[in-house]
Amino acid sequence: MTNHWGDLKNADTILVMGCNPASNHPISMRWIMKAKQRGGKLICVDPRFTQTAAVADLYAPIRSGTDIAFLGGMINYILERNLFFKDYVVQYTDAPFLVHPDFKMPGDLDGVFSGYNEKDTKYDRKTWAYQLDEKGVPRKDPTLKDPNCVFHLLKKHYSRYTLDTVTRITGTPKDKCEAVYSAIGSTGKPDRVATGCYAMGWTQHTVGVQNIRAFTIIQLLLGNMGLAGGGVNALRGEGNVQGSTDHGLLFHIWTGYNPTPTASVSTLKEYNEKFTPTAKEPKSVNWWGNRPKYIASYLKAIYGDNATKENDFGYALLPKLDDGMNASWLALFARMYRDQFEGFFAWGMNPACSSPGAGKVREALGKLKWMVNVNLYDNETASFWRGPGMKPEQIQTEVFLLPCCSSIEKEGSISNSSRLVQWRYKAIEPVGRSMPDAEILNELYFRVKKLYEKEKGAFPDPILKLTWDYGEKDRNGKIKHLDIHKVAMEINGYYQEDVYDKTVNPPKLIGRKGDLVPNFVSLRNDGSTSSGNWLYCGSYTLKDGKPVNMMARRGKEDPTGLGLHPNWAWAWPLNRRIIYNRASVDPNGNPWDPNRAVIRWKPANTVTGAPARWEGDIPDGPAPPLAEKDGKLPFIMKPLGVGTIFGAGLGDGPFPEHYEPLESPVVSNPMSKKHRVNPTIPMARLQAMAKDPSFLFSFDYERYPIVATTYRVSEHWQTGVMTRHLPWLLEMQPQMFIEMSLELAAEKGIRNGDTVAVTSARGELSGVAIVTDRFRSFKVMDTTIHQVGMPWCFGWQYPADGSGGDSANLLIPFMGDPNTLIPESKAFMVNIRKIAGQRSAMQNERGQS
Amino acid sequence: MIARKSFFIDTTKCTGCRGCQAACKQWNQNPATKTRQQGMYQNPPDLSTATFKLVRFSSGTGPSGDPEWYFFPDQCRHCIYPPCKMAADEKAPGSVILDVQTRAVIYDPAVKVSPEAFKAIRAICPFDIPRYDEKSGRMAKCTMCVDRVSEGMLPACVKTCPTGAMQFGDRGTIRKMAEERLDEVRKIYGRASLVVPEAVRVIFLLKDYPEKYYEYAATEDVRGITRKTALKQLLHPFAAVEEWIG
């Protein structure tokens, strides 16, 4: 989240699209209800009438996978009616910047931007660039009239997204569409703010990144970034998934969102040169210019005294990707399926149910020599070999199940969607012989280390040279029990030597060797500081010479009245509660909306002598506001200091363009005759490579004419491993179900409560039909399109009698977004048929479910 | 002394998350029952001696043609003059008692009730709340968490509710809260109403006709003479006096 959960209460308009907070983030509704109580409006755009829709002020249906068409129409609506926030757009975004004169858009080039190479389905992004002046700064037209300026190009691009075209694609009734556009468009004024919430309904598409970009453009146009009650807010699907990405669990980033290098980036110098942006714009802070300090400190945290200036701080020891290698989920499981892995750690996950193409994943697990499953329960992954259709006698995979503690049996931090890092205490002793994950890692580490010591191996140093200073050692040098506070302190970082301020005479001691570093501004690139994650620097600091766990703070003060609660736990970065908050003030530092002042510039007081300073939330950098001497632009993480409407960094276009999902009932894309789906997906190549192309995706609309999507329910968490074992939750949601409209049910002869089979090109599963008014057919391109939906929380293993059903992910295409390779789970094609009559389906007094 | 208590259940803030339903089971250590998916989210299908709180789901098409989905967190209303107690005093004396401090209506698990007596007790309840275990001969329903309330805690369902749909407190405060919220909600939903606030300690706010939520959401339902009589008893002449006492 750019903002935070509690901040939802400050919004005038809340767009919930691509998520269903009432079911999946129930506590967020506390803040949404508070916004409503203040007169705020909740808008829900969703293929189905969800629990969120049930309490929304406005609901608009949309066919799955057409969000860019819907949002593109919104951009067009805002621009046509001049609803955008002009002062903000001109000063804080790249709207006035001039783009390369040869840049062309899908309207000119039948569905693609300039630079498209059909053969390798990639873009040469040469023309996706700003025109630079002699100093290397983009040329601008603050009047926004130049035909090559971003604003003008944006307007031209989205002029194709008329209400008629858009609604023919999305299936949204025109009046609903306009009502949503008007409600969001009304927040382009300084004293009106809209926020947007999204989750997997936006990300799990072949245009996932562009879905979010489209809304980001809207928020920049309306001046809603940085303001209380504004922002673009990703509702994270797991309690600590924010922490997992912060700490580098994804393949393409190290901790603190520093890129993972490939093998050809062989020295630290090359790394820093390649990944550290420079800014010619004098008013840009260009925060990522500090990257070399964060990387040096990271390497010092990992290799300690073994990291020296002479050996590049151990840069060569850190694992790197092969050049051109993709190590995303889909790529890894494809390789496992092709017999390219010997072993696999499934740590706190259940890929046999959570992965797209789950059926093939189950087969892939059978090609391993060994698998370690760390979990609270046995699950469909650990027991894959005895699952449906498996022949245990033919499976050689040796499976180890390591029982780990649940969250309440251990101590540690948890980072939620608000970037709020809260310390959590152990409530009960671990059950049985289960251990906290960190203890399991500790045991594993010392055993692996011992093997390397004994047997050497190809490359032992990355393990042998690690610092592992997390508690008391036994006589063999092994850490007896891992002290999680020591881990938290290492993440924060230490001074590795006495550090002096040499600008004064005599030099003044800033930090003593072994002291905790106060914040990331103190980090250095010379090896004198360490920090496991620069973003978390400041989370465990010294106060009066004693370490203080900032994450354990529980102060309830609310000085701004906006619910920032600065003394409750700690938020990265630097305890900032709303990021990009410098955009919430005008160039003089006065809040655009004084009633929702996140920060405010207080000029120097000539009487008391108090210096000029920021008041309120921790600002995005201490520099004065833009109009002051040495003033800086607000978007400090962007090299040019402004919000980028023109997203030249992505692989599939600087502006979002509507393409159909890979599997879609629309044979011809009305936006482009030539390119039905995202043109950067190498479909022909993939189809040629795959043994079973329909596993990836299928265009057999005759067999699979119905749009399908998947979702979660309040009662079950992810694949349900934790919740299906809880009888009270299973009682409420006991079984797989498939929801469908009355029209479709009538067409198929299905009654509420019947058992039905859902089939896709990947597989088949059965469940109970819920025939409901909450699903409706769509009028798309003058044709009636049906859509069904189902949850993905069930699995064959538990409930033990098999009555739960199996995972909806058995049906999902094994394909995803070209930027991230997140799978397209939210729009695919199926067919349904009745397999058994109802067993006294329950009907309420309204005759419907 | 604990002042006499009431609930306010604002269904316009209920999102059907069912936290209350699970919390009720957890606090009362009521077992889960084996259920099946029966073509709707509501599960278990009905209240029982193991389910004191049940979110009822009701969907359909509204007058504008848009879908509607209503959530009704059903539970005992803890009537001020409980008809079930009147029937029980006659047919199964001692089985229904009023908690002296909170005025919660309590079914005494120590008192056995005959099937015939239970039939009469259930029939007279305007909200169809009483449930009966034939094996043990005991009745059961919501207890207002008197064991929690007497220790200064909120009822488990109220404590759990994330959206503020469920409130609990001294009766005067709650009634005022309900009236004020009704005024707010009426500005948007003209049909909004409180369900017999003068007669019950669990006051529901509904934005639409009660029958759209559930058959027994309100008392207007005509099921038989006994219930009509019960309704009259709910509006006891001394109700106003009782209200004034607190």
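Report follows, based on the coordinates. Every chain's residues receive numbers from 1 upward, in the order its sequence appears when written. Just so you know, chain letters begin at A and ligand numbers begin at 1, following the order they were written in. Thresholds applied to this predicted model are a pLDDT of at least 70 for local features of residues and 80 or more for the giving and counting of side-chain atom pairs; totals over whole chains, interfaces and linings are not thresholded and use all residues. Calculation of side-chain values draws on the structure's entire complement of heavy atoms; hydrogens and water are dropped beforehand.

Turning next to the environment of Thr-644 of chain A. Residue and element names in this part refer to chain A. The secondary structure listing takes helices from DSSP runs of H or I that are at least 4 residues long and strands from runs of E that are at least 2 residues long, numbered from the N terminus. Inspection of the secondary structure puts Thr-644 in the loop between strand 19 (613-616) and helix 20 (683-689). Sequence separation between Thr-644 and Phe-97 is 547 residues; the distance between their C-alpha atoms is 10.0 Å. Not counting the four nearest positions on each side in its chain, Thr-644 is found in contact with Asp-94, Tyr-130, Arg-213, Leu-220 and Lys-638. By the criterion applied in these results, polar contacts are pairs of N or O atoms within 3.5 Å in which, for protein atoms, one can donate a hydrogen and the other can accept it, and in which residues neighboring in sequence qualify only through two side-chain atoms. A distance of 3.3 Å separates the side chain of Thr-644 from the side chain of Lys-638, its partner in a polar contact. Note on contacts: a residue pair is in contact if any heavy atoms of the two residues lie within 4.5 Å.

Attention shifts here to the packing of aromatic side chains. All names here are of chain A. When the centres of two rings from Phe, Tyr and Trp lie within 6.5 Å, Trp using its six-membered ring, the rings pair. Their planes under 30 degrees apart give stacked, over 60 give edge-to-face, and anything left gives tilted. Inspection of every chain in the model, using the stated rule, returns 59 aromatic pairs over all chains. Judged by centre distance (6.4 Å) and plane angle (50 degrees), the rings of Tyr-88 and Trp-592 are tilted. Taken together, the residues Tyr-88 in helix 5 (residues 86-92) and Trp-592 in the loop between strand 17 (570-571) and strand 18 (599-602) connect sequence positions 504 residues apart. Consider the ring centre and the ring normal. A charge sits over the ring if Lys NZ or Arg CZ is within 6 Å of that centre and within 35 degrees of that normal. Cation over ring: Lys-320 sits above Tyr-315, and NZ or CZ is 4.4 Å from the ring centre.

All names here are of chain A. A sheet is described by the order of its strands in space; here three strands give the open sequence 11-12-17, paired in antiparallel fashion. Either end of the sheet is taken by a strand with one partner, and the two such strands are strand 11 (412-415) and strand 17. Strands pair, by our definition, only if DSSP identifies at least two bridges between them. The pairing of strand 12 (residues 420-424) with strand 17 spans two bridges and is classified as antiparallel. In the sheet register, Val-421 faces strand 17, and the bridge partner there is Trp-570.

A few words on the nonpolar core. We call a set of buried residues a nonpolar core when its members are Ala, Val, Leu, Ile, Met, Phe, Trp, Tyr or Cys and they connect through side-chain atoms within 4.5 Å of each other. Accessible area is worked out with a 1.4 Å probe on protein chains only. A residue is then buried under 20% of its type maximum, exposed over 50%, and partly exposed in between. Met-740, Val-788 and Met-790 of chain A together with Phe-7 and Met-166 of chain B are the most contacted members of the largest nonpolar core, which has 108 residues in total. The dominant element in this core, judged by the number of residues it contributes, is strand 10 (residues 202-206) of chain B, at five residues. Setting aside chain neighbours within four positions, we find Val-788 of chain A in contact with Ile-706, Val-707, Ala-708, Thr-709, Ile-738, Glu-739, Met-740, Leu-744, Phe-775, Val-830 and Ile-832 of chain A. Formed by 74 residues, the second largest nonpolar core is a distinct cluster that contains Phe-103, Tyr-123, Phe-215 and Leu-220 of chain A.

Here the focus is the packing of helix 2 (residues 83-91) of chain B against helix 3 (residues 115-124) of chain B. Residue and element names in this part refer to chain B. Axis separation between helix 2 and helix 3 bottoms out at 8 Å; the angle between their running directions is 160 degrees. The angle between helix 2 and helix 3 falls in the class roughly antiparallel. Helix-helix and strand crossings are classified by hand; for helix 2 and helix 3 the assignment is right-handed. On helix 3, the residues touching Pro-83, Cys-84, Ala-87, Ala-88 and Lys-91 of helix 2 are Ala-117, Ala-120, Ile-121 and Ile-124. Per-class residue counts for the contact of helix 2 with helix 3 are eight nonpolar, no polar and one charged. Axis definition: a line fitted to C-alpha atoms, over the contacting stretch in the case of helices. Angles run 0 to 180 degrees between N-to-C directions. Should an angle fall under 35 degrees it is taken as roughly parallel, and over 145 as roughly antiparallel, whereas 65 to 115 is taken as roughly perpendicular and any remaining angle as oblique. A clockwise turn of the near helix away from the far one marks a right-handed crossing, whereas an anticlockwise turn of less than a right angle marks a left-handed crossing. Under this grouping Gly is polar, as are all residues other than the nonpolar Ala, Val, Leu, Ile, Met, Phe, Trp, Tyr, Cys and Pro and the charged Asp, Glu, Lys and Arg.

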